[in-house]
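Chain and residue survey
This is what each chain is made of:
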Amino acid sequence: MDMRVAIAGAGIAGLTAAWLLEDSHDVVLLEKRAQPGGNLRTFYPPGTGRVPEAVELGVREVPSAPDSMVMRLAGELGMDRGHWQPLPSGRLLLSDRDGQGRRRTADALEPVPREVAVRAVALMAEHAYRWKSGRLGWEVPLREMVRDFDLPDWVREVAVYSLPAATFGCTLDEAGALSARAVGELYAEDPSAPAVAGCRPRGGMQSLARRLASRLFRAELALGTALRSVRLRGGGPEVTDTDGCRYRTDALVLAVPADEAARTLSPHFFSPARAPLASYAYRPLLYQVHRSTCRMPVDRRLWAPTTMSVHGARAETTDWHPTSDGDLFVSQISSGAPGPGGPLASASFRTLQPTPGMLRAQRKLLALQGDDGVFFAGHVTTPVNTLENALGSAVAVARRLAPRSRRLARLLADT
Ligand SMILES: Cc1cc2nc3c(=O)[nH]c(=O)nc-3n(C[C@H](O)[C@H](O)[C@H](O)COP(=O)(O)OP(=O)(O)OC[C@H]3O[C@@H](n4cnc5c(N)ncnc54)[C@H](O)[C@@H]3O)c2cc1C
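I will try to describe carefully the structure that is included in this document. (Residues numbered from 1 in each chain as written. Predicted model: local features only at pLDDT ≥ 70, side-chain atom pairs only at ≥ 80, totals over all residues. Heavy atoms only, no water.)

Take the pattern of salt bridges next. Counting across every chain of the model gives 29 salt bridges. Residues E260 and K32 are paired through a salt bridge, measuring 3.9 Å at the closest nitrogen-oxygen approach. Of the two residues, E260 sits in helix α9 (residues 258-264) while K32 sits in the loop between β2 (26-31) and β3 (42-43), which places them 228 residues apart along the sequence. A relative accessible area of 54% means that K32 is categorised as exposed. In this structure, E185 engages R181 in a salt bridge whose closest nitrogen and oxygen atoms are separated by 2.8 Å. Judged by relative accessible area, which is 22%, E185 ranks as partly exposed. Beyond isolated ion pairs, a larger network of salt bridges with shared partners links D96, R97, R103 and E157. (Salt bridge = Lys/Arg side-chain N within 4 Å of Asp/Glu carboxyl O. Helix = DSSP H or I, 4+ residues; strand = E, 2+ residues; numbered from the N terminus. Buried < 20%, exposed > 50% of the residue type's maximum accessible area, 1.4 Å probe, protein only.)

Laid out in structure tokens, this is it:
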């Protein structure tokens, strides 16, 4: 029998949940922003108009493994291998330290010798794979595991901690306090298998979200309408949106950031779920598209697809896109400092900090999954924050709410 299901948040998790549930249930999907996709945000530079020159502001890439859930979903949506393009890899590390780790007086950023940076990243990939395959506990901090890397202290800081510091928008010091396992899984590489390259849809990551939204035939997608509050009524969640509409539902799927989920759940009915959600912390990250070379080395021969700049307590990245219309750069800014002048586009994100405390809280939250008809999906439910895992969390919810969904069966065929 059809259930009435409300879903909040049209990021990849909410969109996928709606797509999987709509052939079994009456679904309404509420999204605060005017566009679906959440962290999938693509910028199309004016004037070029051609699909391959799409530039990513948020999610940049997914692994190209053909059996991944992302690739399976894309296949179901008609985006076969030809819709995807491999991404160039390569990173240049710039630092304000000299070869002994001392700050340069002029505060100039200079390239870190390539072999030093490569060795540090290789050590991280190798150890992180062992943490993953050995099922290292999620609450062990990175600092404890990295201590044994055979590297000078300053290299550890500049070349190892800079990776999570840039990804999670925190300081180098704070990166050491994050969960080694949650951070490591982003860099882990199986030494006995060929490396898996990153890729993205030719039309940009947001085209995946748009395609998914356009394949919702029964679900109602309410863009620009946020979830405002949730209480219990008649044994199920009663949802009110920012237009004042009320929905009596049998199930609610919260695919929104943790603080949004906590804010909307009535303390009177949902205090057990609100408590763990309060332990989640986010950091702001600003992305800007620009044409300024100010974040690149003066010597163009050194340019790489990604430049990581370590300065003071922070690490920030700039991606280089050579287009037919000249060089474009996407800089990530976590310091709150103004970015390069005259950006063509910018977008603000918040990134969840995978601290041991957050991961403990996450386990408590997952133990409440489905209580009173309230389900959680998306990045609040996954220890390792990737698109693949966010999508997997929507699949897990669909398994509970619509185990006989034909789309679900096709997505999981032969897994
Ligand atoms: C800057 C950045 C870069 C990343 N890069 C990568 C990458 O390259 N590869 C990768 O695999 N992963 C990457 N990730 C992780 C990836 O983005 C996430 O795992 C995934 O997108 C999370 O999807 P989600 O649906 O859980 O959440 P989100 O994408 O955050 O979507 C949540 C949605 O909820 C909406 N919302 C919020 N409040 C309400 C409300 N009250 N009512 C209704 N709607 C609401 C928001 O507007 C948003 O659309 C990145 C993350 C960030 C922040």
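Strand order in the open sheet formed by three strands is β5-β9-β6, and the pairing between neighbours is antiparallel. In this open sheet, the two strands that pair with only one neighbour each are β5 (62-63) and β6 (84-86). Note: β5 against strand β9 (residues 198-201), two bridges, orientation antiparallel. For P63, the partnering residue across the bridge sits in β9 and is G198. (Pairing = 2+ DSSP bridges.)

In this section: the packing of aromatic side chains. Summed over all chains, the structure comprises five aromatic pairs. For the pair W303 and F329, a centre-to-centre distance of 5.7 Å together with 80° between the ring planes defines the contact as edge-to-face. Of the two residues, W303 is situated in the loop between β15 (282-290) and β16 (306-311) and F329 in strand β18 (residues 326-333); the sequence distance between them amounts to 26 residues. On the accessibility criterion, W303 (12% relative accessible area) is buried. Taking relative accessible area as the criterion, F329 reaches 0% and is therefore assigned buried. An aromatic cluster is defined as three or more aromatic residues linked by ring pairs; in this entry it consists of W303, W320 and F329. (Phe/Tyr/Trp six-rings, centres within 6.5 Å; stacked < 30°, edge-to-face > 60°.)

As a structural note, the neighbourhood of the ligand is formed by 29 residues, with E31, E61, E260, H379 and N385 the closest of them. K32 is positioned with one of its backbone polar atoms (N or O) 3.2 Å from a nitrogen atom of the ligand. At 2.8 Å from a nitrogen atom of the ligand is found a main-chain nitrogen or oxygen belonging to L227. Its free accessible area being 1000 Å², the ligand has 90% of it covered by the protein chains. Every element with two or more residues in the shell around the ligand is listed here: α1 (12-21), β2, β19 (345-352) and α12 (387-401). (Near = heavy atom within 4 Å. Polar contact = N/O pair within 3.5 Å; in protein donor to acceptor, adjacent residues only side chain to side chain. Areas by Shrake-Rupley, 256 points an atom, 1.4 Å probe, with all protein chains shown as cover.)

What follows concerns the side chain of R72. Relative to the helices and strands, R72 is located in helix α2 (residues 69-76). Polar contacts involving the side chain of R72 include one to the main-chain carbonyl oxygen of L411, which spans 2.8 Å. Excluding residues that lie within four positions of it along the chain, R72 makes contacts with D67, R410, L411, L412, A413, D414 and T415. (Contact = heavy atoms within 4.5 Å.)

The subject of this paragraph is the packing of α2 against α12. Between α2 and α12, the least distance of the axes is 8 Å, while the angle of their chain directions is 70°. Considering their axes alone, α2 and α12 lie roughly perpendicular with respect to each other. Residues M69, V70 and L73 of α2 form the contact with α12, whose participating residues are L387, E388, L391 and V395. Grouping the constituent residues of the contact of α2 with α12 by class yields six nonpolar, no polar and one charged. (Axes fitted to C-alpha atoms, helices over the stretch in contact; angles between N-to-C directions. Parallel < 35°, antiparallel > 145°, perpendicular 65-115°, else oblique. Nonpolar A, V, L, I, M, F, W, Y, C, P; charged D, E, K, R; others polar.)

This is a description of form; function is not addressed.
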